Structures are given as C-alpha cells and as structure tokens.
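Residue-level structural notes
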Amino acid sequence: MSQHDAITIAVIDCDGGQRQKIALALRPYYRVFDFPDLETAFGTMRQRPSLVVVDEAVRSGQRRDLIRTLKEEPSLAGVPVALCKTPGRTAEYGITIETAPDATIEKPIRRKAMVATISAVLNGKVEAGWDALPKASRQTLRESLKAFGTFAGLVAGGEFLKFGSLDAICAPLIEAVGQSEHKHILDGLKGHDNITYVHSLRVATLLSLFGHGIGLKEESLVILSAAGMVHDLGKLEIPAEYRNRDDDLDDEHLAAMRGHVDSTIAYLKKHSDVPKGVVIIAGQHHERIDGSGYPKGLKGSEINDLARMGAIVDVFAGLTEGRGSRAALSSEKALARMTEEMAAGLDTRLVGLFRQIVLDNAL
Ligand SMILES: [Fe+2]
Ligand SMILES: [Fe+2]
C-alpha cells in the first residue's frame, strides 16, 4: 500500500478552552482527537496517534509521573509526547512530571511555534528510520529533503536553481527504482510532516517507476523525476493552511492555489537551467484531456505525453495522501476514481498502463 495516511494527534487537556484552541490550530494539518483527561483518553482512543499533546495540569486518578504514565500505556507504545507547560512554573498538580517529554510547548500557546515543535518531533522520528534503508533509497530520501529545505528560500528570493543539483536526487532515485527499492522510499516518507516535500518525492518516485515500467530511456526518466521534484514549487509561496487542500476553498483561495502552476513556471523559466521537458511537465500537470484543466485549458494533443503521465501520477499521489481531516484513499479506490469519474480528463491508455504498474508492485 503506498497510501500515505494523515498524521493523527491526540490532545489531552482538562482546560476545555485551551483544548479547543489547540485542536482548532492543529486541524488544518492533522487529524485531531481531543480528550479531557487521561482516563477518557486511554478508554476511548480508537487508534494509535502519531503524537500526544498533553497539558501539565491534566487530571489523572493517580499521583504519578505524567510522561511515564503515557509512555507505559500499551496503546501508546513508542508514541512521542509533547508537554504544554508554563515556563518556570513548577508542577503543583495532582500529578508529577519527572520523565522528560519528547518536546515542550510553551504556554500561552502560539500556533506557529506549536506546529513547528510537533513537526520537528514527527520528522526526527521518521528521518532516524532512514538509517536502516538500502543505500540508494537512503540517499534519495536524504538528498531530496536537503534540496527541499533550500527550495522555499530559492523561490522566495528568486535565486538560481541548478539542474545539476536535481541530479543529485534523480540519480539515486532512478537507481533505487531500477533495483525495485521504490517501496523503501514511499514507506520512508510515511509520517513525515513536510507535506510538499512528501508529495513531490512521491510524485518523482512514482513517475520514475511509471517511466521505467513502460520502458522509457534514462534521459526521459531524469526529466520525469526532476519534474516530480519541482512540479509544485510555486506552492511553497502559498500559506501552509490551505496549500495542499483542493476542497472547501473559497474563490480567492482557490485562485491562489491554482496560481501555483504559473508561479512555478515563471520561477523555473527565469531562475533555473532545468530542461524544457521539466518545465512542460510542471506547466501541464493540471491540464486535462477534455479541456477542463488549468491554467490554460489545453485539450487532447495540445498536452505533452510526459505531462499526461505527470497528471496521472499527480492525481494518484494526491488521492492517496491524507491531510488534515481528509482521509487518504487506498490505491484501488484512487484508481477506480481515475478510471471512472476522472476518465475524460486523463489519458486512458496511460492510466491503464499506470494501473498495471501499481497492481504489479502492490502499491
Ligand atoms: Fe500541482
Ligand atoms: Fe502536485
């Protein structure tokens, strides 16, 4: 299953006002479940969360170390804990805090700082798991994360993106796919919280696999995987709260979201030496065969073949990624949607070939 589920956070806080505030602040990014105390949390939590946010003043029936109580709860084995704490205040609550939490969130809570803290804990845990992976997959994950760390700054500052630097990612990526290691990369991204990075590397990996599967030459594989990495660069300028949502957006936000294609192209044309093929794929990945796409509303043969592959993989990756309250679809459901209601917009012959590759690889 290449399905990339939304990250789940459990918030445990007996102060109803603060609990709601935390839950509301986290909902654009994660699936959030909130509980008024430990007993309710342990008794009603239906799934193992990716992380627990707990307030220092949370009520508990027992006088014992709060962090250890959470860590020793069997349903929370290995789950990191972030503690909401007023700096300098020593615990005067019915519960003590002796064990160090994985992270501390300072009160009064500021949304940006809290999200950054949670993200760092989640990503640190995922990235530590890469050490055990085979070389090509490990290198792909690390190099692309490093590159992605610079992309937002490059785009914002109008600085130059060298195609050579993308090669440092594409070479191990294509090698990994050639050695059937792509699942290590896709699985290695699970639970990582840098959503544009995750999406871009998933698209790059699936495009490389798609190209490899239909026997394209090395040169096209490089174009496809490089395009996967940069196809949504313009999204980095959109506020994170609605950057990756395509539902429930008002007209203004929808227009800003759709504008990511033009801003990606404007940046790549002016500030990079990426081959033309990469620019074409990035520019056409939201175009649809029936003319219903954007930004140009191109139709049929006006859309490049590699860009048709880009559109298919981008749709598949998007549907199989969960975010906030939106659940990830299974590969089967995503493919069904692509061959049924989305059929008029996508190249059906290529969708058929991609479908076979997904099934053959049990993605
Ligand atoms: Fe896009
Ligand atoms: Fe995309």
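Residues numbered from 1 in each chain as written. Chains lettered and ligands numbered in written order. Predicted model: local features only at pLDDT ≥ 70, side-chain atom pairs only at ≥ 80, totals over all residues. Heavy atoms only, no water.

1. Looking at the packing of aromatic side chains
The description of two aromatic rings rests on the distance between their centres and on the angle between their planes. This is how the line gets drawn: Within 6.5 Å between ring centres, the rings of Phe, Tyr and Trp (the latter by its six-membered ring) count as paired, and their orientation is classed by plane angle as stacked under 30 degrees, edge-to-face over 60, tilted in between.
All chains considered together, the criterion is met by five aromatic pairs. Following the ring pairs from residue to residue traces out a cluster consisting of Phe148, Phe151 and Tyr197.

2. Examining the coordination of the iron ion (ligand 1)
For clarity, the cut-off: Here the term donor refers to an N, O or S atom within 2.8 Å of the metal (or 3.2 Å for Na, K and Ca), and because water is left out of the atoms, sites may appear incomplete. All geometry calls rest on donor angles, where a four-donor set with angles between 85 and 135 degrees is tetrahedral, four- and six-donor sets with opposite donors more than 155 degrees apart and all others between 65 and 115 are square planar and octahedral, and all else is irregular.
Taken together, the protein donors to the iron ion (ligand 1) comprise Asp232 (OD), His260 (NE2), His285 (NE2) and His286 (NE2), at separations of 2.1 to 2.2 Å. Note that the iron ion (ligand 1) binds four donor atoms; their angles at the metal cover 82 to 172 degrees, and the shape is irregular. The sequence motif formed by the donor residues of the iron ion (ligand 1) is D-x27-H-x24-H-H. A separation of 3.5 Å is found between the iron ion (ligand 1) and the iron ion (ligand 2), which share Asp232 as a coordinating residue.

3. A closer look at the domain arrangement of the chain
Threshold: Domain borders in the structure are assigned automatically or taken from a domain database. A 1.4 Å probe defines the accessible area here, and the buried area is the portion of it lost by two parts on being joined, summed over both. Salt bridges are defined by distance alone: a side-chain nitrogen of Lys or Arg within 4 Å of a carboxyl oxygen of Asp or Glu.
Once the domains are mapped, the chain shows domain 1 (8–124) and domain 2 (133–360). Computed from C-alpha coordinates alone, the two centres of domain 1 and domain 2 are separated by 35 Å. Here domain 1 meets domain 2 over a buried area of about 780 Å², counting both sides, of which 44% is carbon and sulfur. At the surface where domain 1 touches domain 2, the tally comes to zero salt bridges.

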